[in-house]
Amino acid sequence: MSAVTVLILEDEHAVREMIAFGLRRAGYKVNEAEVVRAARESIANDRPDIVIVDWMLPGASGLEFIRALKKDKETSDLPVIMLTARGSEDDKVSGLESGADDYLTKPFSQKELQARIRAVLRRFGGGADTEVLSAGPLVLDAGSHRVSVGERELALGPTEFRLLRFFMGHPERVYARGQLLDRVWGANVYVEERTVDVHIRRLRKALAGTGCDEFIQTVRGAGYRFSPPR
Ligand code: CA
């Protein structure tokens, strides 16, 4: 739960394995995709903290993929590092124009790659591990996996924690149960929509007595909204 998740989109098996091996050894969680379609599925199922995309891909290019990611509201905040071939200055420019947050020229060392990943994650607010969200008196620290209201620490189950984290990162928007399932549970996890209600109930119960349970609003016929006081 605490490891930074990296998705690698690279069609060349050997290169992908080399990158994945180094990152795993450094403590990252690594998901791999050979083609754009697989990368899209991977993002939906197990949202990464950062995506590494090779410029040279068969079919839809890495460039188009990055462009689509950055255009989609759901993924526009996902940091992307692009891998380019040596010396292709034009590739770098179009890569950055497409929305890539950084690029790395092949061949590169593991050390270099990990330094870039850390730098981009820092730029995006520290990545998964150091994120601290607050809403009114409610504070969620993703690094230490703690939720507190003032001095009081709250005990939340893992699903309730993920659900609250999602809500706190996306306030004032209504999410249908199906959308919450996709974003919090993962798109390929087959659970019934009423499971969401069960966990909402548990989350409200965990927050009961702090006043923060009222931030989670039921929107009839639509879903749920996290609405803290301004
Ligand atoms: Ca490639």
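Just so it is clear, the structure is predicted and the values come from calculations on it, not from any experiment. (Residues numbered from 1 in each chain as written. Predicted model: local features only at pLDDT ≥ 70, side-chain atom pairs only at ≥ 80, totals over all residues. Heavy atoms only, no water.)

## Some thoughts on the domain arrangement of the protein chain
Here is the rule we go by: In this document the domain limits rely on a domain assignment from an automatic tool or a database.
What the domain assignment lists for the protein chain is domain 1 (5-129) and domain 2 (131-226). A separation of 29 Å is found between the C-alpha centroids of domain 1 and domain 2.

## As for the sheet that holds strand β11 (residues 216-219)
The criterion, for reference: DSSP-based pairing: two strands are paired if at least 2 bridges between them are found. Working definition: helices are DSSP H or I runs of at least four residues, strands are E runs of at least two. Numbering for both runs from the N terminus. Whether two residues are in contact is decided by their heavy atoms, any of which lying within 4.5 Å being enough. Axis angles are defined between N-to-C directions and span 0 to 180 degrees, where every axis is a line fitted to C-alpha atoms and, for a helix, only to the segment in contact.
Judged by pairing direction, the sheet is antiparallel, and its 3 strands sit side by side in the order β10-β12-β11 without closing on themselves. The open sheet has two edge strands with one neighbour each: β10 (174-175) and β11. Across the face of the sheet, helix α6 (residues 158-169) comes into contact with β10, β11 and β12 (223-226) while running at roughly 65 degrees to β12. Relative to the sheet, helix α8 (residues 194-207) contacts β11 and β12, its axis offset from that of β11 by approximately 145 degrees.

## Side note on the coordination of the calcium ion
Cut-off, in case you're wondering: Only nitrogen, oxygen and sulfur atoms within 2.8 Å of the metal, or 3.2 Å for Na, K and Ca, are treated as donors, and water is left out, so sites may look incomplete. Residue exposure (1.4 Å probe, protein chains only): buried if accessible area is under 20% of the type maximum, exposed if over 50%, otherwise partly exposed.
Taken together, the protein donors to the calcium ion comprise E10 (OE), D11 (OD), E12 (OE), D54 (OD) and M56 (O), at separations of 2.1 to 3.0 Å. Of note, the calcium ion draws all its donor residues from one chain, in the sequence arrangement E-D-E-x41-D-x1-M. Residue classification places E12 among the partly exposed positions, given a relative accessible area of 39%.

## A closer look at α6
Under the convention used in this document: What a helix is expected to span follows from its residue count: subtract one and scale by 1.5 Å.
The end-to-end C-alpha distance of α6, which contains 12 residues, comes to 17 Å, matching closely the 16 Å that a straight helix rising 1.5 Å per residue would cover. Burial analysis of α6 places 9 of its 12 residues in the buried class, which makes it a mostly covered element.

## Considerations on the packing of helix α1 (residues 13-25) against helix α5 (residues 110-123)
For clarity, the threshold we go by: Any angle between 65 and 115 degrees counts as roughly perpendicular, while under 35 counts as roughly parallel, over 145 as roughly antiparallel, and the rest as oblique. By convention, the crossing between two helices is left-handed when the near helix turns anticlockwise from the far helix through less than a right angle, and right-handed when the turn is clockwise.
Where α1 meets α5, the axes come as close as 10 Å, and the angle between the chain directions of the two elements is 70 degrees. Taken together, the axes of α1 and α5 lie roughly perpendicular to each other. The two elements α1 and α5 cross, and the hand of that crossing is right-handed. Note on element contacts: α5 touches α1 through Q110, L113, Q114 and I117, opposite M18, I19, G22 and L23.

## Here we look at the pattern of salt bridges
Here is the rule we go by: In what follows, salt bridge is the name for a side-chain nitrogen of Lys or Arg lying within 4 Å of a carboxyl oxygen of Asp or Glu.
Scanning all chains against the criterion turns up 15 salt bridges. One salt bridge in this structure joins D102 and R116, with 3.3 Å as the shortest N-O distance. One end of the pair, D102, is in strand β5 (residues 102-105); the other, R116, is in helix α5, with 14 residues separating them in the sequence. A relative accessible area of 17% means that D102 is categorised as buried. Since its relative accessible area comes to 27%, R116 is described here as partly exposed.

## Brief notes about the nonpolar core
Heads up, the condition is: We call a set of buried residues a nonpolar core when its members are Ala, Val, Leu, Ile, Met, Phe, Trp, Tyr or Cys and they connect through side-chain atoms within 4.5 Å of each other.
Core analysis: the largest hydrophobic core is formed by 28 residues, its most contacted members being L138, F167 and F226. Going through the elements one at a time, β6 (132-135), β7 (138-141), β8 (146-149), α6, α7 (177-185), α8 and β12 are the ones with two or more residues in this core. The greatest single-element share of this core, amounting to 6 residues, is contributed by α6. What F226 contacts, discounting residues up to four positions off in sequence, is A135, L138, L164, F167, M168, P171, E172, R173, F215 and I216. V6, I8, L23 and L104 belong to the second-largest nonpolar core, a separate cluster that totals 19 residues.

## What about the sheet that holds strand β4 (residues 80-84)?
Hydrogen bonds along the backbone pair up the strands of a sheet, which may run parallel or antiparallel. Strand order in the open sheet formed by 5 strands is β2-β1-β3-β4-β5, and the pairing between neighbours is parallel. In this open sheet, the two strands that pair with only one neighbour each are β2 (29-33) and β5. Adjacent strand axes in the sheet meet at a mean angle of 20 degrees when their direction is disregarded. Here strand β1 (residues 5-9) runs beside strand β3 (residues 50-54); their pairing, made up of 4 bridges, is parallel. In the sheet register, L7 faces β3, and the bridge partner there is V51. Strands β1, β3 and β4 of the sheet are contacted by helix α3 (residues 62-71), whose axis makes an angle of about 155 degrees with β3. Contacts from α5 reach β1, β3, β4 and β5, with the element oriented near 175 degrees to β5.

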